[in-house]
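Survey of secondary and tertiary structure
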Amino acid sequence: MYQKYKSAELVKPSGLDLKDRLVGVQRVTKVTKGGRAFGFSAIVVVGDEAGVVGHGLGKSKDVASAIAKAVEDAKKNLVRIPLVKSTLPHEQKGKFGGARVNIIPAAPGTGVIAGGAVRTVLEAVGVHDVLSKSQGSSNPHNVVKATFDALLQLRDARSIARDRGVSLEKVFKG
């Protein structure tokens with residue numbers, strides 16, 4: 001799922017104190033010759049609020065089992081996101097489908113300035129100070145995936161120094 005991201009570090013769910021957050025539940029209808037068949041799809045974000053986060057989708061005939069399936073799916077897709085104190089290492093843009101998300105690090109005390117699905121993902125990661133803007137589609141599925149796209153492109157100074165083969169000082173001072 002995250003093969004295109006070099007810095008994506010997959011994490012096992014065992015031993016983590018994961019909290020699940022419901023992003024949205026949609027009622028879907030399939031029209032058959034016998035009438036309408038209703039089902040539900042739920043999108044959930046799980047995270048330990050310390051840099052580990054995952055998202056999942058669950059579908060079922062009732063809401064409770066759709067949410068349970070989504071939580072299980074989310075635990076299979078956990079990744080570690082680099083954080084700097086209570087914010088992000090740098091500004092980043094992400095996109096998925098018609099949704100575009102821009103996340104910007106903020107000064108301590110700013111809080112999470114984000115709406116809807118972006119806020120849910122950022123809170124699950126454990127970011128406390130961030131500015132964000134969601135543009136284009138407001139479909140929660142695509143907004144969550146666009147936010148993950150942005151988060152998975154984040155790189156901390158140590159990994160940049162290691163990739164370039166230079167010291168940490170040289171990354172900052174040039």
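Everything here concerns the structure above.
Residues numbered from 1 in each chain as written. Predicted model: local features only at pLDDT ≥ 70, side-chain atom pairs only at ≥ 80, totals over all residues. Heavy atoms only, no water.

1. Remarks on the nonpolar core
Counting 28 residues, the largest nonpolar core has Val-53, Ile-81, Ile-103, Leu-122 and Leu-151 as its most contacted members. Broken down by secondary-structure element, the contributors of at least two residues to this core are β3 (35–47), β7 (99–105), α2 (116–125) and α3 (140–152). If you look at the next biggest cluster of nonpolar residues, it comprises 11 residues, including Ala-42, Ala-66, Val-71 and Leu-78. (Core = buried A, V, L, I, M, F, W, Y, C linked by side-chain atoms within 4.5 Å. Buried < 20%, exposed > 50% of the residue type's maximum accessible area, 1.4 Å probe, protein only. Helix = DSSP H or I, 4+ residues; strand = E, 2+ residues; numbered from the N terminus.)

2. Regarding the sheet that holds strand β8 (residues 112–113)
Across the sheet, 4 strands lie side by side as β6-β7-β9-β8; this open sheet has mixed pairing. In the strand order of this sheet, the two ends are held by β6 (92–96) and β8, each with one partner. Note that β7 and strand β9 (residues 130–136) share 7 bridges and pair antiparallel. If you follow Asn-102 over to β9, its bridge partner there is Lys-133. Running over the sheet, α2 touches β7, β8 and β9 and is turned about 145° from β9. (Pairing = 2+ DSSP bridges. Contact = heavy atoms within 4.5 Å. Axes fitted to C-alpha atoms, helices over the stretch in contact; angles between N-to-C directions.)

3. Thoughts on helix α1 (residues 63–75)
The end-to-end C-alpha distance of α1 is 19 Å, a good match for the 18 Å that 13 residues give at a rise of 1.5 Å each. Restricting attention to buried positions, one finds in α1 the residues Ala-66, Ala-70, Val-71 and Ala-74. Taken around the axis of α1, the buried residues stretch over an arc of 140°, which confines them to a single face. Taken together, the buried residues of α1 touch β2 (19–32), β3 and β4 (52–60). (Expected span 1.5 Å × (residues − 1). Arc of directions from axis to C-beta.)

4. Section: the pattern of salt bridges
The tally for this structure, following the rule as stated, stands at 5 salt bridges. One salt bridge connects Arg-119 with Glu-123, and the closest N-O pair in it is separated by 3.2 Å. Taken as a pair, Arg-119 and Glu-123 lie in helix α2 at a separation of 4 residues, close to a single helical turn. Residue Glu-123 is classed as partly exposed on the basis of its relative accessible area of 25%. (Salt bridge = Lys/Arg side-chain N within 4 Å of Asp/Glu carboxyl O.)

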